[in-house]
Amino acid sequence: MSNTIRTWNPWRELDQLQNEMGRMFGRNRISQFIESKPYPAVNLSHDNESVKLRAELPGYDPDAINIDVEGNSLTISGERHFETEESEGNKYPLTERFRGSFKRTITLPFDVNSANAEAVYRDGVLELVLHRPEEHKPKKLEVKRG
Amino acid sequence: MTDATLCTTNESSCCENESNGKQNEQRAVYRPHVDVIDSADKLTFYVEMPGVNENGVEVTVENQVLSIRGTVSVPESADERHTQFEYGVGDYERSFKIAVDIDRDKIDARIKDGLLTLDLPKVKPAGATKVAIKAG
């Protein structure tokens, strides 16, 4: 005699199906395809001398964020995994956060000097200040009367 | 009321409480990205609130509704001219209806690098209690 008789619950079946789909495609990948916003979200402002860039990267180890600067091209890359390992009894009623690896290249309004760049990671926001090399800064010309 | 029914029938131990949608008109309020892990002994919430530190978080549990509010400590200056603008800076707000009994006194909340982690321990369901019958 089997003692595993359970009442049939259609929601449970759906839940299992969703879990298996999640395993096949990588969790939350489906929704990432649908709303394929670039990650991370970036705000950028600049004046003639420098560029300020902020990126939303909550919950990262700053050592796991890589920043590469070359000319006027800036690349931010990194990766993140589940905080808690997947285990048998665990369910995931909601998975909206980004996971996996990312790489984003942003074109800056001008070439920047990578040597004196400043990068600060605070409260999940990465802030970069990149300076324009002295020789590239716009020069004011004096106009003489001829 | 439909929320509560939905929570119990799909065996999910929490679901979003849509009724709490009041927004501050002066300051933008955003919906944070959230992960929920439902394990045997607790519910764990990971709430992404970049720009928020320990001084700007408010978590309340009332009538099985978990409310999370985050206030950004240093908003970006308004006079900054953005050439690329992909995220707005403001506060965060979201609430969930919790369909399982949780031990409210043992909720653990911590925030690090703009990520709020909440542990809500479940109250163990009381097993069938045997009632002693006395001979009368």
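In case you missed it, the structure is sitting above this.
Please read these numbers as outputs of a predicted model, since none were measured by experiment. (Residues numbered from 1 in each chain as written. Chains lettered and ligands numbered in written order. Predicted model: local features only at pLDDT ≥ 70, side-chain atom pairs only at ≥ 80, totals over all residues. Heavy atoms only, no water.)

Draft legend 1. Spatial organisation of the overall build of chain A. From N to C terminus, chain A includes two helices and eight strands. Taking as baseline every contact in chain A between residues at least 6 positions apart, the subset at least 24 positions apart corresponds to 58%. Approximately 10,000 Å² of chain A is accessible, and the part contributed by carbon and sulfur atoms is 49%. (Helix = DSSP H or I, 4+ residues; strand = E, 2+ residues; numbered from the N terminus. Contact = heavy atoms within 4.5 Å. Areas by Shrake-Rupley, 256 points an atom, 1.4 Å probe, with all protein chains shown as cover.)

Draft legend 2. Focus on unusual backbone geometry. In this structure, the amide linkage connecting A:Tyr39 to the following residue, A:Pro40, adopts the cis form with an omega of -5 degrees. For A:Pro40, the position within the fold is in the loop between α2 (29–34) and β1 (42–46). Not every positive phi belongs to a glycine, and B:Gln64 is a case in point at roughly 65 degrees. Locating B:Gln64 in the fold gives a position in the loop between β5 (57–62) and β6 (65–70).

Draft legend 3. Just the sheet that holds strand β7 (residues 82–85) of chain B, in detail. Strand order across the open sheet formed by five strands is β7(A)-β8(A)-β2(A)-β1(A)-β7(B), with antiparallel pairing between neighbours. For this open sheet the edge positions go to β7 (113–122) of chain A together with β7 of chain B, each flanked by a neighbour on one side alone. Taken pair by pair, the neighbouring strands of this sheet meet at an average axis angle of 15 degrees, ignoring direction. As paired strands, β1(A) and β7(B) are joined by three bridges and run antiparallel to one another. Following the sheet pairing, A:Ser45 is matched in β7(B) by B:His82. (Pairing = 2+ DSSP bridges. Axes fitted to C-alpha atoms, helices over the stretch in contact; angles between N-to-C directions.)

Draft legend 4. Spotlight on the pattern of salt bridges. All told, the structure shown has 16 salt bridges over all chains when counted by the stated rule. Where B:Glu86 meets A:Arg104, a salt bridge forms, and the shortest distance between an N and an O atom there is 2.7 Å. Of this pair, B:Glu86 sits in the loop between β7 and β8 (91–98) while A:Arg104 sits in strand β6 (residues 100–107), each in a different chain. B:Glu86 sits in the partly exposed class, given a relative accessible area of 32%. Since its relative accessible area comes to 11%, A:Arg104 is described here as buried. Between B:Asp103 and B:Lys106 there is a salt bridge, and its shortest N-O distance comes to 3.6 Å. Taking relative accessible area as the criterion, B:Asp103 reaches 22% and is therefore assigned partly exposed. Overlapping salt bridges bring together A:Arg80, A:Arg97, A:Arg99, B:Asp35 and B:Glu48 as one network. (Salt bridge = Lys/Arg side-chain N within 4 Å of Asp/Glu carboxyl O. Buried < 20%, exposed > 50% of the residue type's maximum accessible area, 1.4 Å probe, protein only.)

Draft legend 5. Highlighting the side chain of A:Ser77. Note on placement: A:Ser77 falls in strand β4 (residues 73–80). Residues contacting A:Ser77, with those up to four places away along its chain left out, are A:Ala64, A:Ile65, A:Asn66, A:Phe102 and A:Lys103.

Draft legend 6. Geometry of the packing of aromatic side chains. Residue and element names in this part refer to chain A. In total, this model carries five aromatic pairs over all chains according to the counting rule given. Between Phe98 and Phe102, the aromatic rings sit 6.0 Å apart at their centres with planes inclined by 75 degrees, giving edge-to-face as the arrangement. The exposure class of Phe98 is buried, given its relative accessible area of 14%. Look at Phe102 and you get buried, because its relative accessible area is 6%. Pairwise contacts between aromatic rings join Tyr39, Tyr60, Phe98 and Phe102 into one cluster. Cation over ring: Arg132 sits above Phe110, and NZ or CZ is 3.9 Å from the ring centre. (Phe/Tyr/Trp six-rings, centres within 6.5 Å; stacked < 30°, edge-to-face > 60°. Lys NZ or Arg CZ within 6 Å of the ring centre and 35° of its normal.)

Draft legend 7. The arrangement of the interface of chain A and chain B in detail. The partner chain B presents 37 residues to the 37 residues of chain A that form the contact. Counting the surface chain A buries against chain B, the share from its top three residues, A:Asn43, A:Arg97 and A:Asp123, is 20%. In this structure, the connection of chain A to chain B is made through seven salt bridges. Residue A:Arg80 pairs with B:Glu48 through a salt bridge whose shortest N-O separation is 3.0 Å. Scanning the region where chain A abuts chain B turns up 18 residue pairs in polar contact (both at pLDDT 80 or more). For the side of chain A that touches chain B, the secondary-structure elements that each account for two or more residues are α1 (10–25), β1, β2 (50–56), β5 (91–95) and β6 of chain A. Of the residues that constitute the side of chain A that touches chain B, the class distribution is 15 nonpolar, 10 polar and 12 charged. (Buried area = accessible area lost by both parts, 1.4 Å probe. Polar contact = N/O pair within 3.5 Å; in protein donor to acceptor, adjacent residues only side chain to side chain. Nonpolar A, V, L, I, M, F, W, Y, C, P; charged D, E, K, R; others polar.)

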